[in-house]
Amino acid sequence: MATLTNLKLVSTLLVFTIFHFESTLQTSSSAAETYIIHMDISAMPKAFSGHHSWYMSMLSSSSKHIYTYTSSIHGFSVILTSSELESLKNSPGYVSSTRDHPLKVHTTHTHQFLGLSSSSGAWPASNYGEGVIIGVVDTGIWPESESFNDQGMTKVPSRWKGKCMYGFRFNSSSCNNKLIGARFYNKGLIASNPKLKIWMNSPRDVSGHGTHTSSIAAGNYVEAASYFGYANGTARGMAPRAHVAMYKAIWTYGVYSSDVLAAIDQALQDGVDILSLSLGMSVEDIFLENDPIAIATFAAMEKGILVVASAGNDGPLYWTLINGAPWLLTVGSATTDRGFEGILTLGNQVQIRFASLYPGNSSTRQNPIVYMDGCGSVTELKKVKFNIIVCKDVLSVSSQIENTVSAEVVGAVFISNSSISESEFYIRSSFPAAFTGLRDGQTIIDYIHNSSNPTASLQFQKTVIGTKPAPKLDSYSSRGPFPSCPSILKPDLLAPGSLVLASWSPISPVAKVRPSRLLFSDFNLISGTSMATPHVAGVAALVKAVHADWSPAAIRSALVTTADSLDNTLGPIKDIANCDLPASPLEMGAGLINPNKALNPGLVYDATADDYIKFLCAMNYTTTQIRIITKSSRNCINRSMDLNYPSFIAFFNNVDSNPNEKAVQVFWRTVTNVGDQGGTIYTAKLQGMEGLKVSVEPKRLKFKEKYEKQSYKLTLEGPKWLEKVVIFGSLTWVNDDGKYVVRSPIVATSLVLESP
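Residue indices begin from 1 for each chain and proceed along its sequence in written order. Per-residue local features of the predicted model are confined to residues with pLDDT of at least 70, and side-chain atom pairs are confined, for both listing and counting, to 80 or more; whole-chain, interface and lining totals are unaffected and use all residues. Computation of side-chain values covers all heavy atoms of the structure but excludes hydrogens and water.

Thoughts on the overall build of the protein chain
(1) Moving on: The helix count covers DSSP runs of H or I at least four residues long, the strand count covers runs of E at least two residues long, and both are numbered beginning at the N terminus. Within the protein chain, the regular secondary structure consists of 18 helices and 38 strands.
(2) Moving on: Looking at the protein chain alone, contacts between residues at least 24 apart form 74% of all its contacts between residues at least 6 apart.
(3) Moving on: Surface summary for the protein chain: the accessible area is close to 29400 Å², and the carbon and sulfur share equals 51%. We call two residues contacting when some pair of their heavy atoms lies within 4.5 Å. In this description, accessible areas are obtained by the Shrake-Rupley approach with a 1.4 Å probe, and a residue is regarded as covered only by the protein chains that are shown.

Structure follows, in structure tokens:
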């Protein structure tokens, strides 16, 4: 996967969670006579070397083959007459056919993947987030980007107190009814680096990251957006009618907590409704009062502002999560059902598909292809430089790439048993190259050895939609528990974060092609929890637009308890870093955000500033520490570890206890009926947890009116010493007609935070 760019700074060790990834792929639209044919691959006769050649044997000379599918389905797409289709139905292995209806492909396909539609659901119900103000603390913004045009936008809300701050190549006219505010903060940076000269001393974005995140959250409609032909379509953010305010506190030279605190502080004064933070404190200190993000965002919570923050990009180990303060909504990163590909077509018409983001030109023209084994000699490679070179993983892949680049070969195929074929570092090749596994690699080698005149072509810029299973938890996404507050389950949920297409600064290079030519674009595909976070901020804006009086805790609860724990195959969401085994809530929280369900969750778990303070008291924070966080003097007469949170985590394995003894952990929660006006009854449904006895009392909650509150007790009982590191299940409250399904994840763990 992609490598995180960590900006570790001199004093505060803030980590700027930039990441370059997003899961994105789509099918091209076809004519009405195009069909997708589903096949039973087990029926393939042994005479065929591969399924592609088998499929091709079924087609008449007049049929036009389009794609061969290997992952999403077994089958192919083809243009057929009605009589040809009827004939094909008699072929061995035929399963079904589907007419390939024209599709309207969208750039930020993530909104489609999350179920957002203009015909029903969260978008029309919220009027696309109209009137809500999303503040973003990031690297600045490129105001001329089409994502920030104000066509269709309402006027700036009268409650808005922000401004468009003058700076280098940036003035008040840079803002409009979409981008309603822009400020920049670098005094802390300059104070620590007095000789530093900042050339773009303004809110303008020179790196692209801030433009990217803010357009994901609330970008306006942009037609014909793409990344060099990949993901071509109409771009839009999660809340396309919400307003954006940018607070630039992250610079290419570094980022300091003082500047970040100033940015958040001003955002609270300006009047933002939602705050999106794709940065955080390095896990160096386990006390919340030393975390500037935790401190600043407590004030935001008190003002009724929901703060959405990235979990970090230091996965897949446990205890790597940042931004886990209980008043935050912490977001992990997932893939979508979209992927980007290239196609290697051999001279025998067998096609090998591979992940690729190569931005250069491609051609169907066949070139000679030659197998060079390890590709260890630049001199030998130069002798066949006008061929497509095939290299097997004898040397390191990076060495082979260097050699082929030096030899200036036409193109290359790299075969490896490692995960290079899925690594973003490699698929962003600077020259025409395919990265394949051993199975496809052997098909290529066999063809070369068995052909008197082996040829091949390399094509790129293919986008495929509908891959399964999706989503998956991506490997870089940081995992809980949060060291500073392990008794709250984090992350809260997942959102699309891998290879997300969104707007970019046109002066920041997005790719390089051979020999050393930099490429620029108005859109870019990058990955990380930085990209996942504004997805959630945008969806939160939709909820805020419908429920203006809901607290940050209520909005968070609505998003968490309606998240999807299943993927598009209706199986558990998988963890890429753990061999595609089911992800636990310590890795994915409650699951993938579901915008349409979040608008009407039925029940919410609400919490106030006093509830958080009682929780800090129960964690044995001193009066001084609590004052640092809350900016007020509070005594600790009332203490409670039962923060009214929409999830549960229990720690077992007390090393000083008898492992044969039983441990009992009890949780108290209160839910508020925000659903039906009249009476309604909810019944508890528990998903079992191996080796533990889980119970809830009462098992039914009766509500007579809207906004009524009811409390319940959840009990976990089991051995003091768990055999497994993580055991997980869930508690779901379902009303009698099944209209509302309110799900909370439960984790029991034996994890222990080791001393540094």
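Comments concerning the UniProt feature "active site" (unreviewed entry) in the protein chain
(1) Moving on: UniProt positions are given in the numbering used here, feature names are shortened, and annotations may be inferred rather than shown by experiment. The UniProt record annotates "active site" (unreviewed entry) at Asp138, His209 and Ser530. With the annotated positions falling across 393 residues, the maximum pairwise C-alpha distance of 9.8 Å places them together in a single cluster.
(2) Moving on: Among the secondary structure elements, aspartate 138 is positioned in strand β6 (residues 133-138).
(3) Moving on: By the element assignment, histidine 209 lies in helix α6 (residues 209-218).

Observations regarding unusual backbone geometry
(1) Moving on: At the junction of glycine 315 and proline 316, the peptide bond is cis and its omega measures out at 10° in the coordinates.
(2) Moving on: When you line up the elements, proline 316 lands in the loop between β13 (306-310) and β14 (329-334).
(3) Moving on: Note that the residue after alanine 470, namely proline 471, is joined by a cis bond; omega there is 0°.
(4) Moving on: Assignment of secondary structure puts proline 471 in the loop between β21 (455-465) and β22 (472-473).
(5) Moving on: If you check the backbone angles, asparagine 127 has positive phi at about 55° while not being a glycine.
(6) Moving on: As for its position among the elements, asparagine 127 is in the loop between α4 (122-126) and β6.
(7) Moving on: Each residue's exposure class comes from its accessible area (1.4 Å probe, protein chains only) as a fraction of the maximum for that residue type: buried when under 20%, exposed when over 50%, partly exposed otherwise. Owing to a relative accessible area of 36%, asparagine 127 belongs among the partly exposed residues under this scheme.

So, the nonpolar core
(1) Moving on: Here, the term nonpolar core denotes a set of buried Ala, Val, Leu, Ile, Met, Phe, Trp, Tyr and Cys residues that are joined through side-chain atoms within 4.5 Å. With 59 residues, the main nonpolar core has Ile134, Ile274, Val536 and Leu559 as its most contacted residues.
(2) Moving on: In terms of residue count, helix α13 (residues 529-546) provides more of this core than any other element does, 8 residues in total.
(3) Moving on: The contact partners of isoleucine 274, leaving out residues within four places of it in the chain, are Val132, Ile133, Ile134, Gly135, Ile305, Leu306, Val308, Ala537, Ala540, Ala541 and Lys544.
(4) Moving on: Membership of the second largest hydrophobic core comes to 52 residues, among which are Ala249, Met301, Ala553 and Tyr621.

A few points about the confidence of the model for the protein chain
Close inspection of predicted coordinates is inappropriate in any region flagged by low pLDDT.
(1) Moving on: Residue-level confidence of the predictor, termed pLDDT, takes values from 0 up to 100. Across the protein chain, the average pLDDT comes to 87, with 90% of residues at or above 70.
(2) Moving on: In this model residues 1-32 is a low-confidence stretch, pLDDT under 50, and it forms 153 contacts with partners more than four residues away in sequence or in other chains.

Observations concerning the side chain of histidine 243
(1) Moving on: Note on placement: histidine 243 falls in strand β10 (residues 243-248).
(2) Moving on: Judged by its relative accessible area of 0%, histidine 243 falls in the buried class.
(3) Moving on: For histidine 243, the residues in contact, after removing those within four places along its chain, are Gly131, Val132, Ile133, Ile134, Met153, Thr154, Lys155, Val156, Pro157, Asn177, Lys178 and Ile180.

Focus: the pairing of strand β35 (residues 700-703)
(1) Moving on: Covered by surrounding structure in β35 are Leu701 and Phe703 only, the residues Arg700 and Lys702 on the alternate face being uncovered.
(2) Moving on: For two strands to be treated as a pair, DSSP must find no fewer than two bridges joining them. As paired strands, strand β33 (residues 680-687) and β35 are joined by 4 bridges and run antiparallel to one another. Pairing of tyrosine 682 across the sheet is with leucine 701, part of β35.

Focus: the sheet that holds strand β31 (residues 648-651)
(1) Moving on: Spatial strand order, β31-β38-β37-β33-β35: 5 strands in an open sheet with mixed pairing. The open sheet has two free edges, formed respectively by β31 and β35, since each of these has just one partner strand. Between one strand and the next, the sheet's axes are offset by a mean angle of 20°, whatever the strand orientation. Only the stretch in contact is used when a helix axis is fitted, and all axes are lines through C-alpha atoms; the angle between N-to-C directions ranges over 0 to 180 degrees.

Some thoughts on the environment of lysine 385
(1) Moving on: Summarising the element assignment, lysine 385 is placed in the loop between α9 (378-383) and β18 (388-392).
(2) Moving on: For lysine 385, a relative accessible area of 22% puts it in the partly exposed group.
(3) Moving on: In sequence terms lysine 385 and glutamate 408 are 23 residues apart; their C-alpha atoms lie 6.2 Å from each other.

Overview of a nonpolar patch on the surface
(1) Moving on: Only residues above 30% relative accessible area that lack a salt bridge enter a patch, with like-charged residues linked at up to 9 Å and the nonpolar side chains Val, Leu, Ile, Met, Phe, Trp and Tyr linked at up to 5 Å. By salt bridge we mean one thing: a side-chain nitrogen of Lys or Arg within 4 Å of a carboxyl oxygen of Asp or Glu. A grouping of Phe168, Trp199, Tyr253 and Ile507 is seen on the molecular surface, where their side chains present a nonpolar patch of about 380 Å² in accessible area.
(2) Moving on: Along the chain, tryptophan 199 turns up in the loop between α5 (187-192) and α6.
(3) Moving on: Residue class for tryptophan 199 comes out partly exposed when judged on its relative accessible area of 47%.

A short note on the side chain of lysine 544
(1) Moving on: Inspection of the secondary structure assignment puts lysine 544 in helix α13.
(2) Moving on: His is not counted, nor are the chain ends, whereas Lys and Arg count as positive and Asp and Glu as negative. For the buried residue lysine 544, which engages in no salt bridge, the nearest side chain bearing the opposite charge is aspartate 273, 5.3 Å off.
(3) Moving on: Ignoring any residue separated from it by four or fewer positions in sequence, one finds lysine 544 in contact with Val132, Asp273, Ile274, Gly304, Trp550 and Ile555.

Details of the packing of helix α7 (residues 257-270) against helix α8 (residues 292-302)
(1) Moving on: Where α7 contacts α8, the axes come no closer than 10 Å and their chain directions differ by 5°. Considered as vectors, α7 and α8 are oriented roughly parallel to each other. Mapping the contact onto sequence places Ser257, Val260, Leu261, Ile264 and Leu268 in α7 and Pro292, Ile293, Ala296, Ala299 and Ala300 in α8.
(2) Moving on: Tallied by class, the residues present in the contact of α7 with α8 amount to 9 nonpolar, 1 polar and no charged. Small angles under 35 degrees read as roughly parallel and large ones over 145 as roughly antiparallel, with 65 to 115 read as roughly perpendicular and the rest as oblique. Put simply, Ala, Val, Leu, Ile, Met, Phe, Trp, Tyr, Cys and Pro go in the nonpolar bin, Asp, Glu, Lys and Arg in the charged bin, and everything else, Gly too, in the polar bin.

Quick notes on the sheet that holds strand β19 (residues 411-415)
(1) Moving on: With respect to topology, 7 strands assemble into an open sheet ordered β16-β15-β21-β17-β18-β19-β20, the strand pairing being mixed. Looking at which strands have only one partner, the edges of the open sheet turn out to be β16 (351-355) and β20 (433-436). For this sheet, the mean angle separating the axes of adjacent strands, direction not counted, is 30°.
(2) Moving on: Packing against the sheet, helix α10 (residues 397-407) makes contact with β18, β19 and β20, and its axis sits at approximately 165° to β19.
(3) Moving on: Strand contacts of helix α12 (residues 438-450): β15 (338-346), β16, β17 (367-371), β18, β19, β20 and β21, with the helix running at about 110° to β17, the strand carrying the most contacts.

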